[in-house]
Amino acid sequence: NQIECFHFNLIDSTMNIAKFWKKVYVTEKISYAFLADQQFKGQGQHNNVWISPKGNCYVTFLVKYDPLLSYCLPQLSAISVIETLDLYIPQEKKQISPVLKWINDIFMNEKKISGVLCKVEDEHVSIGIGVNLNHSPVEIAGSTCLKSELSQQNDIDIFEFIQHLWTKLSNNLQKVSQQNSFQAILDKVQERMMYLNQKVKIYDLTLTNVLQEGIFKGLSEYGNAWLQSLSDPQEIEAIYEGRMRQ
Ligand code: BTN
């Protein structure tokens, strides 16, 4: 559970630092966290840019890779973010509890609040996590931040958030190794899936073409989406890739 942290004011991307560190220095005994106040070349999924103004969480955890994680790592990371965000949500605001949009986008109150980017290289994995804590970038329509969802005056403490995040993430990682199974993680993830039992469309990665339509029935044991045919409820297919929308 031990972690060594490196804090940068302004860098291109915490993913790049992790990649460099992995090549040169890494030992097996500990994990590392690279955090930045700001990134000028933040990386998102599908080669998108992750706009990274000051005031939010930008962290990459570099951990030893257990091949058992291969199917569930993005979801494991996303549920760890969700569990961390849960710590900040008071009972009376439970209706804004974060949910996971397949594959691994975290939404709160129907707006994107966080994203996860996992890169496996040999024996290690970089888990990059961006969470809008105090700012939702104006450039991104449909995004939100924790501070405004909580209608809070004071800024959320970024370091405290990252500490909680590491506790959740390392516990979930440990659970998979100890139980030699990621079923427990998938069970938790299922409960927090957006659009469950609702009609959805699966688009290609560029969001240009609709590839399929159906009812989203949850996750397979490998983290794929079960899609039930609209014409024949008996027909259920696993979807491996794509972007889910309504
Ligand atoms: C997404 O597109 O949803 C994933 C975004 C991941 C952003 C985080 S911020 C910390 C880490 N460094 C990066 O450059 N990207 C990830």
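All values derive from a computational prediction rather than experimental measurement.

S.K.: I would appreciate a short explanation of the nonpolar core in the present structure.
M.R.: Nonpolar side chains in soluble globular proteins tend to be buried together. Ranked by size, the top nonpolar core spans 55 residues in total, and within it Cys57, Val59, Leu76, Val81 and Ile129 carry the most contacts. Not counting residues within four places of it along the chain, the set of residues in contact with Leu76 comprises Leu69, Asn172, Leu173, Val176, Phe182 and Ile185.

S.K.: Quick question: what am I supposed to make of the site of the ligand here?
M.R.: Around the ligand, a shell composed of 20 residues is seen, among which Ser13, Gly44, Gly115, Gly128 and Gly130 lie nearest. Going through the elements one at a time, α1 (14–24), β3 (57–64), β6 (111–121) and β7 (124–131) are the ones with two or more residues in the shell around the ligand. Looking at side-chain class alone, the shell around the ligand contains seven nonpolar, 12 polar and one charged residues.

S.K.: What should I look at first to understand unusual backbone geometry in this one?
M.R.: Cis geometry marks the peptide bond from Trp102 to Ile103, where omega comes out at 10°. Assignment of secondary structure puts Ile103 in the loop between β4 (99–101) and β5 (105–108). One non-glycine residue, His46, adopts positive backbone phi at about 55°. One can find His46 in the loop between β2 (31–39) and β3.

S.K.: Just checking my understanding: could you explain the sheet that holds β7 for this structure?
M.R.: Strands pair in a sheet through their backbones, by hydrogen bonds, and they do so in one of two ways: parallel or antiparallel. Taken together, the seven strands give an open sheet; going across it, the order is β1-β2-β3-β7-β6-β5-β4, and neighbouring strands pair in mixed fashion. Looking at the sheet topology across the chains shown, the edges are occupied by β1 (3–11) and β4. Taken pair by pair, the neighbouring strands of this sheet meet at an average axis angle of 20°, ignoring direction. Sheet topology places β4 next to β5; three bridges connect them, and they run antiparallel. Across the sheet, residue Lys101 finds its bridge partner in β5, namely Asp105. Sitting on the sheet, helix α2 (residues 73–86) touches β4, β5, β6 and β7, and the angle it makes with β6 is about 140°.

S.K.: Hey, could you run me through the domain arrangement of the chain in this one?
M.R.: By a frequent convention, interface size equals the accessible area lost on bringing the separate parts together. What the domain assignment lists for the chain is domain 1 (3–191) and domain 2 (199–245). Placing the centre of domain 1 and that of domain 2 at their C-alpha centroids yields a distance of 25 Å. Counting residues at the interface gives nine residues for domain 1 and eight residues for domain 2. With three residues, the single largest contributor to the side of domain 1 that touches domain 2 is helix α5 (residues 183–191).

S.K.: Mind showing me how you'd approach the packing of α2 against helix α4 (residues 158–179) here?
M.R.: For any two helices packed against each other, one specifies the crossing angle of their axes together with the interaxial distance. Contact geometry of α2 with α4 gives a least axis separation of 9 Å together with a crossing angle of 135°. Taken together, the axes of α2 and α4 are oblique relative to one another. You can see that α2 and α4 cross each other, and the crossing is right-handed. Mapping the contact onto sequence places Leu76, Ser77, Ile79, Ser80, Val81, Glu83 and Thr84 in α2 and Phe161, His164, Leu165, Lys168, Leu169, Asn172, Leu173 and Val176 in α4. Counted by class, the contact of α2 with α4 contains eight nonpolar, five polar and two charged residues.

S.K.: Can you walk me through α1 in this structure?
M.R.: At 3.6 residues per turn, the α-helix brings residues three or four places apart onto the same side. Burial in α1 covers these residues: Thr14, Met15, Ile17 and Ala18. Taken around the axis of α1, the buried residues stretch over an arc of 160°, which confines them to a single face. For α1, exposure combined with an orientation more than 90 degrees from the buried face picks out Phe20, Lys23 and Val24. Elements in contact with the buried residues of α1: β1, β2, β3, β6 and β7.

S.K.: Please clarify how the sheet that holds strand β9 (residues 210–219) should be interpreted in this entry.
M.R.: Pairing is antiparallel in the open sheet, where five strands are placed in the order β11-β10-β9-β8-β12. Each edge of the sheet is formed by a strand with only one pairing partner; in this case those strands are β11 (236–239) and β12 (243–245). Going from strand to strand, the sheet's axes swing by 50° on average, the running direction of each strand aside. Bridge count for strand β8 (residues 199–203) against β12 is three bridges, and the pairing is antiparallel. Counterpart to Ile202 in the pairing with β12 is Met244.

Rules and cut-offs
Residues numbered from 1 in each chain as written. Predicted model: local features only at pLDDT ≥ 70, side-chain atom pairs only at ≥ 80, totals over all residues. Core = buried A, V, L, I, M, F, W, Y, C linked by C-beta atoms within 7 Å. Buried ≥ 20, exposed ≤ 12 C-beta atoms within 10 Å, placed from the backbone. Contact = placed C-beta atoms within 7 Å. Near = placed C-beta within 6 Å. Helix = DSSP H or I, 4+ residues; strand = E, 2+ residues; numbered from the N terminus. Nonpolar A, V, L, I, M, F, W, Y, C, P; charged D, E, K, R; others polar. Pairing = 2+ DSSP bridges. Axes fitted to C-alpha atoms, helices over the stretch in contact; angles between N-to-C directions. Domains from an automatic or database assignment. Parallel < 35°, antiparallel > 145°, perpendicular 65-115°, else oblique. Left-handed = near helix turned anticlockwise from the far one by under 90°. Arc of directions from axis to C-beta.

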